[in-house]
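Below are the chains, spelled out letter by letter.
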Amino acid sequence: MAKWVYMFTEGDATMRNLLGGKGANLAEMTNLGLPVPQGFTITTEACTQYYEDGRTINDEIMGQIMEAITKMEGVTGKKFGDKENPLLVSVRSGARASMPGMMDTILNLGLNEEVVDVLAEGSGNPRWAWDCYRRFIQMYSDVVMEVGKKYFEELIDKMKEEKGVKQDVELTADDLKALAGQFKAEYKEKIGEDFPTDPKEQLMGAIKAVFRSWDNPRANVYRRDNDIPYSWGTAVNVQMMAFGNMGDDCGTGVAFTRDPATGENGLFGEFLTNAQGEDVVAGVRTPMHISEMEDKFPEAFVQFKDVCKTLESHYRDMQDMEFTVEHGKLYMLQTRNGKRTAQAALKIACDLVDEGMRTEEEAVAMIDPRNLDTLLHPQFDAAALKAAEPIAKALGASPGAACGKIVFSADDAKEWAARGEKVVLVRLETSPEDIEGMKAAQGILTVRGGMTSHAAVVARGMGRCCVSGCGDIAMDEENKKFTLAGKEYHEGDPISINGSTGNIYDGIIPTVDATIAGEFGRIMAWADKYRTMKVRTNADTPADAKKARELGAEGIGLCRTEHMFFEGNRIDAFREMICAETVEEREAALEKILPEQQGDFEKLYEALEGNPVTIRFLDPPLHEFVPTEEEDIKKLADAQGKTVEQIKTIIDGLHEFNPMMGHRGCRLAVTYPEIAKMQTKAVIRAAINVKKAHPDWNVCPEIMIPLIGDIKELKYVKKFVVETADAEIAAAGVELKYEVGTMIEIPRAALTADEIAKEADFFCFGTNDLTQMTYGFSRDDAGKFLDGYYDAKIFENDPFAKLDQTGVGKLMEMSINLGKPVNPNLHIGICGEHGGDPSSVEFCNKIGLNYVSCSPFRVPIARLAAAQAAINNVGK
Ligand code: PEP
Ligand code: MG
């Protein structure tokens, strides 16, 4: 019989996959002898089984849960529903990877009308007993039965108004008792049944709700963003309650052993007296700094500091802990490696190396490459920032600079961002449902909540700038406006926020690019030391190439030459070329293009300082370039000496039903060799010039022919490329090596890679097209139906962002296995979007690619991911 349930005393930290992070760490803390209220963990496998059994808990699992309850009653000396010593528990989710705020929690489970009286009398604290009960009804109704929170909040607000009080804590026992009655009536009205009184029935409802929450929309989005597979499932932890809301000698807190925003070494956290855990993270009340705990609970504080030390040196990482103080006694409810900003992650990793706790390799492995993104994006311009006067200051909850137009809801943030607006989401407080809106916004500003509020934790996780707890804002969400520093702000008004200092500014403050220095530089240097795969960049302009070099690119893996024509009047000559009717007309247009291309290529070689540069020959889906505006058509007609009607006829003739599979790539070179010849001249002449200027550089152009599906295509195009190149080199009387290779982006190329390798000096996987053509999904249209695929659990990720290792990856491996034996000198890379995605980079390392190539800002991400892949590989 499978074991589905583990007491905390039966597990340990190595059992994370089975017990989830929270369960494994509760067990580990128990083993370490720390004060942990006891309980049990229902495994992640039980969650998977729940889904396999059609969202039911089968008898075997149910039986083991019941046994565990009996054991727990034995350990705690309390009993479910008991008239003397009743057991109350919390029921909390806990997946392998922590997903803060994404799934559900229920506290105070086990209460009913009789038990609440026992608690009230036994404790001599009826206020506390009724507070627990009303909270339980509220959470159970919301989480298990999906009756919206807002109905209960409305009742609380009404009660506070009637009693003339502002805070929940000012409500009396009688008020709370009356509220509990109103809550139950609300429950009955919404559900049509009485609120359940049997603790075991309550428990099973709660466990099912936690399992179900694994599949809620916000958890699904979070998993997709964080590469967490759906198949992992969540564990459920059932733990005896410790009460932070029994009076002023009680409290609850969340603390980190180092500052999660800056990485500074030292206790950092927040604390609320007379409260339960959710009050701190939900941001409903603004908590006090952890240091104040020292005055209120001196003994518990000393003990807590010891626990922090023990846990940090045990896990050798910054810990994020939840704890409760009940009548002055400390209870640990959770510990985990804390989420942190990218900046903090770098500082902590470096400090742990300096403190002798971690090796360089371990430090490199600790950083989530995806988080580097925030550091690579603009910060406020220092001079502009200095000159700007903040209108208010709140908590700098997640660093970075954000400016944009104010929006008041997550939906608006998404909608405005989709039409290209930069927005700052301003909310009273955020809830997990806001995650997509937070993602769409440049930054988040909240009125309530501390550093550990949902907004802060989630924003840090996704690297979004966030300022929280700005109590000076007088918010009117309904009418989409707020007042701050005497000014009324409306939807669309510009605002800037600084997530590092917490400052808020009226209007837009200009931003500047980030640089790699300090700890960032140290970690990247270690990454470079341990990685074996090279990292190149996809750069189309000298400016991109320069940026990429600054960010550590070791070459250009892809220059999309057609992109060099998007700007200014360059497009005119390009249009003349594609709308030419004769070879002569085309050659005339190409004559105009040649010097511009040559100039650009020279600048690229200069920027790359002798590192490899791959120039891909024209691959334009023509529809992106033909003129559509009347004015542009007229301009083209005049340039060609034709009428507008003639040009329109030519454009009509260029129309393609499926341009992505149309007259592009090498097909263009096959039909119009003069284009490839011109590009060859430009590449070779540029290389000759740069080599002359820098004799010590290794200038060896790599000419890349796109969209090859048949060896004969490559042979055909290569022939006149080589003839042209050799003629140029001979005419210049110099020596210059060059290579001609191809992209592998059509499945037929992968299937016949042994033939293609005979003619190619290198392969570069164009996984954008290879994914498109392997799946048969248009890369331009897939976005329209992928959401449906996520909902139906067919896909967990966008295959255009995260490489489909099973299918597309198989074609890649096949190409390598077929190509290398035929041409041992073949060098192989990837330049599709996947070249900057960490899990795809790991795969590329595994199959032995020489390099990955990605957009400039993803170069550091790829460097780190490549190092992690190498380190993990050695460790295996
Ligand atoms: C590719 O197809 O992966 C590629 C890099 O080329 P493009 O995106 O320009 O089609
Ligand atoms: Mg392509």
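Since the model is a prediction, treat every value here as computed from it, not as a measurement.

*Asks:* What exactly am I supposed to notice about the overall build of the chain here?
*Replies:* Looking only at helices and strands, one finds 35 helices and 31 strands in the chain. Projected onto its principal axes, the C-alpha coordinates of the chain cover approximately 100 × 65 × 55 Å. For the chain, the proportion of its 876 residues judged to be buried stands at 57%. Contacts in the chain between residues far apart in sequence, at least 24 positions, make up 69% of those at least 6 positions apart. Roughly 34,900 Å² of accessible area belongs to the chain as shown, and the carbon and sulfur atoms make up 49% of that amount. Looking at charge distribution, the chain has the averaged site of its 99 positive side-chain charges lying 2 Å from that of its 139 negative ones.

*Asks:* What is the right way to read the side chain of histidine 827 from this model?
*Replies:* For histidine 827, the location among the structural elements is in strand E30 (residues 827-830). Since its relative accessible area comes to 16%, histidine 827 is described here as buried.

*Asks:* Mind showing me how you'd approach the pairing of strand E31 (residues 851-854) here?
*Replies:* Each regular strand displays side chains that alternate between the two surfaces of the sheet. Residues Tyr851 and Ser853 of E31 are buried on one face, and the alternating residues Val852 and Cys854, pointing to the opposite face, are buried as well. Relative to E31, E30 runs parallel, the two being bridged by two bridges. Residue isoleucine 830 lies in a different strand from E31, and its bridge partner there is valine 852. Handedness of the β-α-β unit built from E30, helix H34 (residues 838-846) and E31 comes out right-handed.

*Asks:* What should I look at first to understand the coordination of the magnesium ion (ligand 2) in this one?
*Replies:* Octahedral six-donor coordination of a metal ideally yields angles of 90 or 180 degrees, compared with 109.5 degrees for tetrahedral four-donor coordination. Protein-derived ligands of the magnesium ion (ligand 2) are Glu745 (OE) and Asp769 (OD), with the metal-ligand distances lying across 2.0 to 2.2 Å. Of this pair, glutamate 745 sits in the loop between strand E28 (739-744) and helix H29 (747-751) while aspartate 769 is found in helix H31 (residues 767-775), placing the two residues 24 residues apart along the sequence. The class of glutamate 745 is buried, set by a relative accessible area of 2%. For aspartate 769, a relative accessible area of 2% corresponds to the buried category.

*Asks:* Before we go on, may I ask you to explain the site of ligand 1 in this structure?
*Replies:* Close contacts around ligand 1 come from 14 residues, with Arg560, Gly766, Asn768, Asp769 and Arg779 the closest. One nitrogen or oxygen atom from the main chain of threonine 767 is found 3.0 Å from an oxygen atom belonging to ligand 1. With respect to ligand 1, the side chain of arginine 779 contributes an N or O atom lying 2.7 Å from an oxygen atom. Coverage of ligand 1 by the protein amounts to 96% of the 290 Å² it exposes when considered alone. For the shell around ligand 1, the secondary structure elements donating two or more residues are strand E25 (556-560) and H31.

*Asks:* Could you clarify how one ought to interpret the sheet that holds strand E29 (residues 762-765) in this entry?
*Replies:* One key point about sheets: their strands pair by backbone hydrogen bonds, in either a parallel or an antiparallel sense. Spatially, E24-E25-E26-E27-E28-E29-E30-E31 is the arrangement adopted by the eight strands of the closed barrel, whose pairing is parallel. Taking each pair of neighbouring strands and ignoring which way they run, the sheet shows an average axis angle of 25°. Strand direction decides the pairing type here: E29 and E30, joined by four bridges, are parallel. Counterpart to phenylalanine 762 in the pairing with E30 is histidine 827.

*Asks:* Teacher, can you tell me more about helix H7 (residues 173-191) here?
*Replies:* Every α-helix winds through 3.6 residues per turn, so residues three or four apart in the chain are directed the same way. Here H7 contains 19 residues, and its C-alpha end-to-end distance of 27 Å stays within 8% of the 27 Å for a straight helix at 1.5 Å per residue. Lining the buried residues of H7 we find helix H5 (126-144) and helix H6 (149-163). Of the residues one or two after H7, glycine 192 is the one with positive phi, at around 85°.

*Asks:* Teacher, can you tell me more about the pairing of strand E3 (residues 89-95) here?
*Replies:* Along E3, seven of the seven residues are buried, which leaves the element largely enclosed by surrounding structure. By the alternation rule, side chains of E3 split into Val89, Val91, Ser93 and Ala95 and Ser90, Arg92 and Gly94, which are all buried. Relative to strand E4 (residues 105-109), E3 runs antiparallel, the two being bridged by three bridges. Bridging from a neighbouring strand, valine 91 pairs with isoleucine 106 of E4. Bridging between E3 and strand E5 (residues 234-240) involves seven bridges; their strand directions are antiparallel. Bridge assignment links valine 91 to a residue of E5, and that residue is valine 238.

*Asks:* Mind showing me how you'd approach unusual backbone geometry here?
*Replies:* For residues besides glycine, phi is generally negative; the peptide bonds are generally trans as well. The residue asparagine 108 is not glycine, and still its phi comes out positive at about 65°. Looking at the element boundaries, asparagine 108 is found in strand E4. Unusually for a residue other than glycine, aspartate 227 sits at a positive phi of about 60°. Assignment of secondary structure puts aspartate 227 in the loop between helix H9 (217-226) and E5. The partly exposed category is assigned to aspartate 227, whose relative accessible area is 25%.

*Asks:* What exactly am I supposed to notice about the packing of aromatic side chains here?
*Replies:* Two aromatic rings, taken as a pair, are described by how far apart their centres are and by the angle between their planes. A complete count under the given rule lists 26 aromatic pairs for this structure. Note on tryptophan 128 and phenylalanine 243: the rings are 4.8 Å apart at their centroids and 80° apart in plane angle, and the pair reads as edge-to-face. Of the two residues, tryptophan 128 sits in helix H5 while phenylalanine 243 sits in the loop between E5 and strand E6 (251-258), which places them 115 residues apart along the sequence. Exposure remark for phenylalanine 243: the relative accessible area of 7% places this residue in the buried category. With a centroid separation of 5.1 Å and an interplanar angle of 20°, the aromatic rings of phenylalanine 482 and tyrosine 489 are classed as stacked.

*Asks:* Which parts of the structure should I look at to understand the sheet that holds strand E19 (residues 481-484)?
*Replies:* Strand order in the open sheet formed by three strands is E18-E19-E20, and the pairing between neighbours is antiparallel. Of all strands in the sheet, those bounded by a partner on one side alone are strand E18 (474-476) and strand E20 (487-490). Ignoring which end each strand starts from, the neighbouring axes of this sheet average 20° apart. Where E18 lies against E19, three bridges are found, and the strand directions are antiparallel. Each bridged residue has a counterpart across the sheet, and for methionine 475 the counterpart in E19 is phenylalanine 482.

*Asks:* Explanation requested: the packing of helix H24 (residues 630-640) against helix H25 (residues 644-654) in the structure shown.
*Replies:* Relative placement of two packed helices is described by the angle separating their axes and the distance separating the axes. Here H24 crosses H25 at 105°, and the two axes come no closer than 8 Å. Viewed along their axes, H24 and H25 adopt a mutual orientation that is roughly perpendicular. Counted together, Glu630, Ile633, Lys634, Leu636, Ala637 and Gln640 of H24 and Val644, Ile647, Lys648 and Ile651 of H25 form the full contact between these two elements. Tallied by class, residues from the contact of H24 with H25 come to six nonpolar, one polar and three charged.

*Asks:* Help me understand the pattern of salt bridges, please; the structure alone is not making it clear to me.
*Replies:* Opposite charge on two side chains allows them to pair when their charged atoms are near. Applying the stated criterion across every chain, the model contains 57 salt bridges. Among the ionic pairs, glutamate 322 bridges to arginine 92, the shortest N-O distance being 2.6 Å. Within this pair, whereas glutamate 322 is found in strand E9 (residues 319-326), its partner arginine 92 is found in strand E3, the two being separated by 230 residues in sequence. For glutamate 322, a relative accessible area of 14% gives the class buried. The class for arginine 92 is buried, based on a relative accessible area of 7%. For glutamate 759, the salt bridge is made with lysine 718, and the minimal N-O distance between the two is 3.5 Å. On the criterion of sequence distance, the pair formed by glutamate 759 in helix H30 (residues 753-759) and lysine 718 in helix H28 (residues 711-732) is long-range, its members being 41 residues apart. Side by side, glutamate 759 and lysine 718 carry an identical accessibility label, which is buried. One salt-bridge network, held together by shared partners, links Glu562, Arg616, Asp619, Arg664, Asp769 and Arg779.

What counts and how
Note that residues are indexed from 1 along each chain, following the sequence as it is written. Following the order in which they are written, the chains are lettered starting with A and the ligands numbered starting with 1. Reporting of local features is limited, given that this is a predicted model, to residues whose pLDDT is at least 70; pairs of side-chain atoms are given and counted only at 80 or more, and all residues count toward the totals for whole chains, interfaces and linings. Values shown for side chains rest on all heavy atoms present in the structure; no hydrogens or waters enter the calculation. In this text, helices come from DSSP runs of H or I with a minimum length of four residues, and strands from runs of E with a minimum of two, each type numbered from the N-terminal end. Whether a residue is buried, partly exposed or exposed follows from its accessible area with a 1.4 Å probe, protein chains only, as a fraction of its type maximum: under 20%, in between, or over 50%, in that order. Here, two residues are considered to be in contact whenever any of their heavy atoms come within 4.5 Å of each other. To be clear on the numbers: accessible area is Shrake-Rupley with a 1.4 Å probe, and residue cover counts the displayed protein chains and nothing else. We count Lys and Arg on the positive side and Asp and Glu on the negative side, and we leave His and both chain ends out. To locate a charge, take atom NZ for lysine, CZ for arginine, CG for aspartate or CD for glutamate. By definition, two strands form a pair when at least two bridges between them are found by DSSP. Note on handedness: a clockwise path from strand one over the helix to strand two, with the strands aimed away from the viewer, defines a right-handed crossover. In this description, a donor is an N, O or S atom within 2.8 Å of the metal centre, a cutoff extended to 3.2 Å for sodium, potassium and calcium. Water is not part of the atom list, which can make sites seem incomplete. One heavy atom within 4 Å of a molecule or strand is enough for the residue carrying it to be called near that molecule or strand. Counting of polar contacts relies on pairs of N or O atoms within 3.5 Å, with two restrictions inside protein: one atom must be capable of donating a hydrogen and the other of accepting it, and residues adjacent in sequence are counted only when both atoms are side-chain atoms. Every axis in this analysis is a line fitted to C-alpha atoms, fitted for helices over the stretch in contact. Angles between the N-to-C directions lie between 0 and 180 degrees. To estimate how far a helix should extend, the number of its residues minus one is multiplied by 1.5 Å. Whether two aromatic rings pair depends on their centres lying within 6.5 Å, for rings of Phe, Tyr and Trp, where Trp uses its six-membered ring; planes under 30 degrees apart make the pair stacked, over 60 edge-to-face, and the rest tilted. Each angle is binned into one of four classes, with values under 35 degrees roughly parallel, values over 145 roughly antiparallel, values of 65 to 115 roughly perpendicular, and all other values oblique. Put simply, Ala, Val, Leu, Ile, Met, Phe, Trp, Tyr, Cys and Pro go in the nonpolar bin, Asp, Glu, Lys and Arg in the charged bin, and everything else, Gly too, in the polar bin. The rule for a salt bridge is simple: a side-chain nitrogen of Lys or Arg has to be within 4 Å of a carboxyl oxygen of Asp or Glu.

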